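# Descriptive analysis of the structure
So the chains spell out like this:
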Number of protein chains: 2
Amino acid sequence: MTANAKTAGGNVRTIDAGGYAVQIGRGLRHQFAAHVTMAAPAYRYAVISDAQVAPLYSDALVEALRAYGQTSLHVIPAGEAHKTRDTWARLTDGLLDAGCARDTTIVALGGGVVGDLAGFVAATYMRGVPVVQIPTTLLAMIDASLGGKTGVDTHAGKNLVGAFHAPSAVLVDVETLTTLPAEHLRAGLAEAIKHGVIADASYFAALDASLEDILAGDPARTLDAVARSVEIKLEVVRADEREHGRRKTLNFGHTIGHAIELASGFALLHGECVGIGMVLEARIAERLGVAGHGTAGAIEHILARAQLPLSRPPALDAEAVLAATRLDKKSRAGAVEYALPVRIGAMADADMTWAVRVDDAVVREVLA
Amino acid sequence: MTANAKTAGGNVRTIDAGGYAVQIGRGLRHQFAAHVTMAAPAYRYAVISDAQVAPLYSDALVEALRAYGQTSLHVIPAGEAHKTRDTWARLTDGLLDAGCARDTTIVALGGGVVGDLAGFVAATYMRGVPVVQIPTTLLAMIDASLGGKTGVDTHAGKNLVGAFHAPSAVLVDVETLTTLPAEHLRAGLAEAIKHGVIADASYFAALDASLEDILAGDPARTLDAVARSVEIKLEVVRADEREHGRRKTLNFGHTIGHAIELASGFALLHGECVGIGMVLEARIAERLGVAGHGTAGAIEHILARAQLPLSRPPALDAEAVLAATRLDKKSRAGAVEYALPVRIGAMADADMTWAVRVDDAVVREVLA
């Protein structure tokens, strides 16, 4: 394991992400400004948030940052439908209007949409300014805020436009999850479960045991899970920054998951789609003889306990989902590649590429 | 000197740019496809060009690339006015419609606008695909195609949105300059002259001696100048990839040059604006006692021999130009920084930052 977790003062864990720190704590929001200005000191700070999160947390953050430098707040509408080039262009113009030059640090305060958008603004603003990620959803805490992937959606698919741009810091206050709608907390758990499947069977079991506590808002159990998921994600990303190899394992559940998300017109949450995608891709793995029998069943079992959907909405046409998989970025030389499990805790490393080409016929069978 | 030039077969020079090669030759266009597919082998090739260059050179290139893989051609309108986020989005959608996945190499065939736009498409397409730059203007050959700067303009200024994305190769056929309008050849010479000012007094003198031959289309003299300019640019860029230090010297002439370009609504060519900017910034350097007397005069002399303008259009308001300098990306902590010469061939290294803060009052004096 390359990520290195320390317990500091009992309620903050610092994880070295290789070039930047991930701080995870209870009540850490009261120190956000101090952490931001240490990680990426700047002449100006631009806080980007959305209409759901800004009313809850932006006032205190903006006021605290103003003690260190000029600070502007840029609020976008909430929801994946706004993760577009248009919103990116409007945010960029807002920063230009606010007089932000290269010595500006962008602060992303919100869920995955805010983090991906603000990260892409930071990646492309005057060819790159620092960004500090402050994720306020479980999904963003353990996935979107880490590893430097930024981007927006187009009509043709999710995250088809973007850049790699590592954050200067990731700051997590697990207490912000108390304001997160329950279905978003459950959807975030799907990614945590994925981390168990791809890398750590004992974490998978621990999650199974603490699901109820986490869903009930137990901060200690939540902090444990967030920290372990962050460690796993960083370990995989650091082994493969540019996604040529092992990082592909993080895509487990996402090839079909993204396709369902797209084909459903974003009617389901990302985490819900990933959950369904994990079940179907685990079934593909079983059919191909890559995974042992029972792998898909174990995933179904834990998803059901987390009250997550196990199959796609009946109205969603199988061929539409299949067509959407072909738009996947992971498509190479015309064939769609899948990251597939061998068992809970271990992924298939076919030809050392961590990806398996799957014929449409097999995908059709599991979608049937 | 870090760049390393070799003479191969007498008519191609290979310059090691550190991670990629710059090939400069006469008639090299007949080997473009071979070079592209060696530097960045892919499943698909997407050639991006503009309405001026595509009719001249795209057919042969696309046909040659089709021997190696599926190849699509994407043509944009010519001119800086089209270097926008809208054009970038349309190009991106065109590649998505053509079915380009991550295993696509983008080929930029044209001048600086095409190179910057295609480079930014490549930097952001599925979070980054390779780009090979094939510059067909003198300016693009010796400046825009090198160093990995990509980007587009916004209403607030030039290149305010973009990314660093190094090319996989830069392929230069100096014979393509025979189809370049004369005023563009002269404008490109302004950047070559800048290379002499910032780094090499003997190159400045050699350019002065060969100006007429280059303007008359002498391929050997042109190849010599292109190769020396490429070496200087790469030497400076390699010393400072992320523009924190010496790379700033390449901005000589550009702070005021960009401001004139913007304030004039792009009525003048970029190189023409840089020429005027060099004269005015050299005068600033003289006024501040940074440069010896005669520095601005020497620059005026060579620009006049190249038939380039020496002062801004009289209709252009000095305050409008001054205001536009404040939008410069090089603005830091509210003050505008300038890269200033000490003499022909050497730049000021104030506080080891290679940049000098200049009061508006001094800029007003030289603009008066």
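Residues numbered from 1 in each chain as written. Chains lettered and ligands numbered in written order. Predicted model: local features only at pLDDT ≥ 70, side-chain atom pairs only at ≥ 80, totals over all residues. Heavy atoms only, no water.

### Notes on the overall build of chain A
- Helix and strand content of chain A: 13 helices and 14 strands.
- For a compact globule of 368 residues, the expected C-alpha radius of gyration is about 21 Å, and chain A comes in at 20 Å, within 12% of that figure.
- Here chain A holds 368 residues, and 61% of them are scored as buried.
- Relative to all contacts within chain A whose residues are 6 or more apart in sequence, the contacts with residues 24 or more apart total 73%. (Helix = DSSP H or I, 4+ residues; strand = E, 2+ residues; numbered from the N terminus. Rg over C-alpha atoms; globule rule 2.2 N^0.38 Å. Buried < 20%, exposed > 50% of the residue type's maximum accessible area, 1.4 Å probe, protein only. Contact = heavy atoms within 4.5 Å.)

### Digging into the relation of the copies chain A and chain B
- Each copy of the sequence occupies a distinct position, and chain A is placed on chain B by a rotation of 180° and an axial shift of 0.0 Å, giving an RMSD of 0.0 Å. Overall, the copies show the geometry of a two-fold rotation axis.
- Interface residue correspondence from chain A to chain B reaches 100%, placing this contact among same-surface, isologous pairings. (Least-squares fit on C-alpha atoms with pLDDT ≥ 70 in both.)

### Topic: helix 1 (residues 32–39) of chain A
All names here are of chain A.
- Among the residues of helix 1, Phe 32, Ala 33, Val 36 and Thr 37 are the ones counted as buried. Buried residues of helix 1 fall within an arc of 120° about the axis and therefore sit on the same side.
- On the buried face of helix 1, the contacting elements are strand 4 (44–50), helix 2 (54–66), strand 6 (104–110), strand 7 (131–135) and strand 10 (169–173). (Arc of directions from axis to C-beta.)

### What about the environment of Gly 18 of chain B?
Residues and elements named next belong to chain B.
- For Gly 18, the location among the structural elements is in the loop between strand 2 (12–16) and strand 3 (21–25).
- Look at Gly 18 and you get partly exposed, because its relative accessible area is 37%.
- The spatial distance from the C-alpha of Gly 18 to the C-alpha of Arg 238 is 7.5 Å, given a sequence separation of 220 residues.

### So, the interface of chain A and chain B
- The interface of chain A with chain B comprises 35 residues on the first partner and 35 residues on the second.
- At the boundary of chain A with chain B, total buried surface from both sides reaches about 3200 Å², with 56% on carbon and sulfur atoms.
- Counting across the chain A and chain B interface gives 2 salt bridges.
- Note that Arg 85 of chain B and Asp 93 of chain A form a salt bridge whose closest N and O atoms lie 2.9 Å from each other.
- Where chain A meets chain B, there are 10 residue pairs in polar contact (both at pLDDT 80 or more). (Buried area = accessible area lost by both parts, 1.4 Å probe. Salt bridge = Lys/Arg side-chain N within 4 Å of Asp/Glu carboxyl O. Polar contact = N/O pair within 3.5 Å; in protein donor to acceptor, adjacent residues only side chain to side chain.)

### Remarks on the environment of Phe 252 of chain A
Residue and element names in this part refer to chain A.
- Tracing the sequence through the fold places Phe 252 in the loop between helix 8 (219–238) and helix 9 (254–263).
- Separated by 68 residues in sequence, Phe 252 and His 184 place their C-alpha atoms 20 Å apart.
- Apart from residues no more than four positions distant in its own chain, Phe 252 is found in contact with Lys 194, Val 197, Ile 198, Val 274, Met 278, Glu 281, Ala 282, Ile 299, Ala 339, Pro 341 and Met 347.

### A short note on helix 2 of chain A
Residue and element names in this part refer to chain A.
- Residues of helix 2 that are buried include every one of Ala 54, Tyr 57, Ser 58, Leu 61, Val 62 and Leu 65, and no others. Projected down its long axis, helix 2 carries its buried residues within an arc of 125°, all on one side. Turned more than 90 degrees away from the buried face of helix 2 sit Pro 55, Asp 59, Ala 60 and Glu 63, all of them exposed.
- In this structure, the buried side of helix 2 is in contact with helix 1, strand 4, strand 5 (70–76), strand 6 and strand 7.

### Thoughts on the packing of helix 6 (residues 182–199) of chain B against helix 10 (residues 270–287) of chain B
Residue and element names in this part refer to chain B.
- Interaxial distance between helix 6 and helix 10 falls to 7 Å at its minimum, and their mutual angle equals 40°. Classed by the angle they form, the pair helix 6 and helix 10 counts as oblique. The handedness of the crossing between helix 6 and helix 10 is left-handed. The segment helix 6 lies against helix 10, with Ala 187, Ala 190, Glu 191, Ile 193 and Lys 194 engaging His 270, Gly 271, Glu 272, Val 274, Gly 275 and Met 278.
- Split by residue class, the contact of helix 6 with helix 10 holds 5 nonpolar, 3 polar and 3 charged. (Axes fitted to C-alpha atoms, helices over the stretch in contact; angles between N-to-C directions. Parallel < 35°, antiparallel > 145°, perpendicular 65-115°, else oblique. Left-handed = near helix turned anticlockwise from the far one by under 90°. Nonpolar A, V, L, I, M, F, W, Y, C, P; charged D, E, K, R; others polar.)

### A look at the nonpolar core
- Residues Trp 88 and Ile 106 of chain A together with Trp 88 and Ile 106 of chain B are the most contacted members of the largest nonpolar core, which totals 56 residues.
- Setting aside its immediate chain neighbours within four residues, Trp 88 of chain B contacts Arg 85, Trp 88, Phe 120 and Val 161 of chain A together with Leu 117, Phe 120, Val 121, Thr 124 and Val 152 of chain B. (Core = buried A, V, L, I, M, F, W, Y, C linked by side-chain atoms within 4.5 Å.)

### A short note on the side chain of Thr 222 of chain A
All names here are of chain A.
- One can find Thr 222 in helix 8.
- Looking at Thr 222, the relative accessible area reads 7%, which means it is buried.
- Within the structure, the side chain of Thr 222 is placed 2.6 Å from the backbone oxygen of Asp 218, a separation counted as a polar contact.
- Once residues within four sequence positions are removed from consideration, Thr 222 is found in contact with Val 174, Leu 177, Ile 214 and Gly 217.

### A few points about unusual backbone geometry
- The phi angle at Arg 127 of chain A is positive, at roughly 65°, despite the residue not being glycine.
- When you line up the elements, Arg 127 of chain A lands in the loop between helix 4 (112–124) and strand 7.
- You can call Arg 127 of chain A buried: its relative accessible area is 5%.
- Phi at Asn 159 of chain B takes a positive value of approximately 55°, unusual for a residue other than glycine.
- With respect to the helices, strands and loops of the structure, Asn 159 of chain B is situated in strand 9 (residues 157–164).

### A word on the pattern of salt bridges
Residue and element names in this part refer to chain B.
- Overall, the coordinates contain 44 salt bridges over all chains when judged by the stated rule.
- Between Arg 13 and Asp 224 there is a salt bridge; the shortest N-O distance is 2.4 Å. One end of the pair, Arg 13, is in strand 2; the other, Asp 224, is in helix 8 (residues 219–238), with 211 residues separating them in the sequence.
- Judged by its relative accessible area of 22%, Arg 13 is partly exposed.
- Linking Glu 231 and Arg 228 is a salt bridge whose minimum nitrogen-to-oxygen distance equals 2.9 Å. Of this pair, Glu 231 and Arg 228 both sit in helix 8, 3 residues apart, roughly one helical turn.

### Some thoughts on the side chain of Thr 249 of chain B
All names here are of chain B.
- Mapped onto the elements, Thr 249 comes out in the loop between helix 8 and helix 9 (254–263).
- Within the local environment of Thr 249, its side chain forms a polar contact with the backbone oxygen of Arg 246, the two atoms lying 2.8 Å apart.
- With near-sequence residues (within four places) excluded, Thr 249 lies in contact with Ile 198, Val 236, Ala 339, Met 347 and Trp 354.

### Looking at the environment of Thr 176 of chain A
Residue and element names in this part refer to chain A.
- For Thr 176, the position within the fold is in the loop between strand 10 and helix 6 (182–199).
- Classification of Thr 176 by relative accessible area gives buried; the value is 2%.
- Along the backbone, Thr 176 and Leu 310 are 134 residues apart, and their C-alpha atoms lie at a distance of 28 Å.
- Excluding anything up to four places from it in sequence, Thr 176 contacts Tyr 57, Pro 135, Thr 136 and Met 141.

### Considerations on the pairing of strand 5 (residues 70–76) of chain B
All names here are of chain B.
- Both strand 4 (residues 44–50) and strand 5 contribute to a ladder of 7 bridges, which runs parallel. For Asp 50, the partnering residue across the bridge sits in strand 5 and is Ile 76.
- As for the winding sense of the linkage, the β-α-β connection from strand 4 through helix 2 (residues 54–66) to strand 5 is right-handed. (Pairing = 2+ DSSP bridges. Right-handed = clockwise from strand over helix to strand, strands pointing away.)

### Some points on the pairing of strand 7 (residues 131–135) of chain B
Residue and element names in this part refer to chain B.
- Summarising burial for strand 7: 5 of the 5 residues are buried, a large majority.
- Here strand 7 shows no split at all, with Val 131, Gln 133 and Pro 135 on one side and Val 132 and Ile 134 on the other all buried.
- Note that strand 6 (residues 104–110) and strand 7 share 5 bridges and pair parallel. Bridge pairing in strand 7 places Ile 106 opposite Val 131.
- Considered for its hand, the β-α-β crossover made up of strand 6, helix 4 (residues 112–124) and strand 7 is right-handed.
- Bridge count for strand 7 against strand 10 (residues 169–173) is 2 bridges, and the pairing is parallel. Residue Gln 133 lies in a different strand from strand 10, and its bridge partner there is Val 170.

Interpretation note: all reported values are geometric properties and have no functional meaning in isolation.
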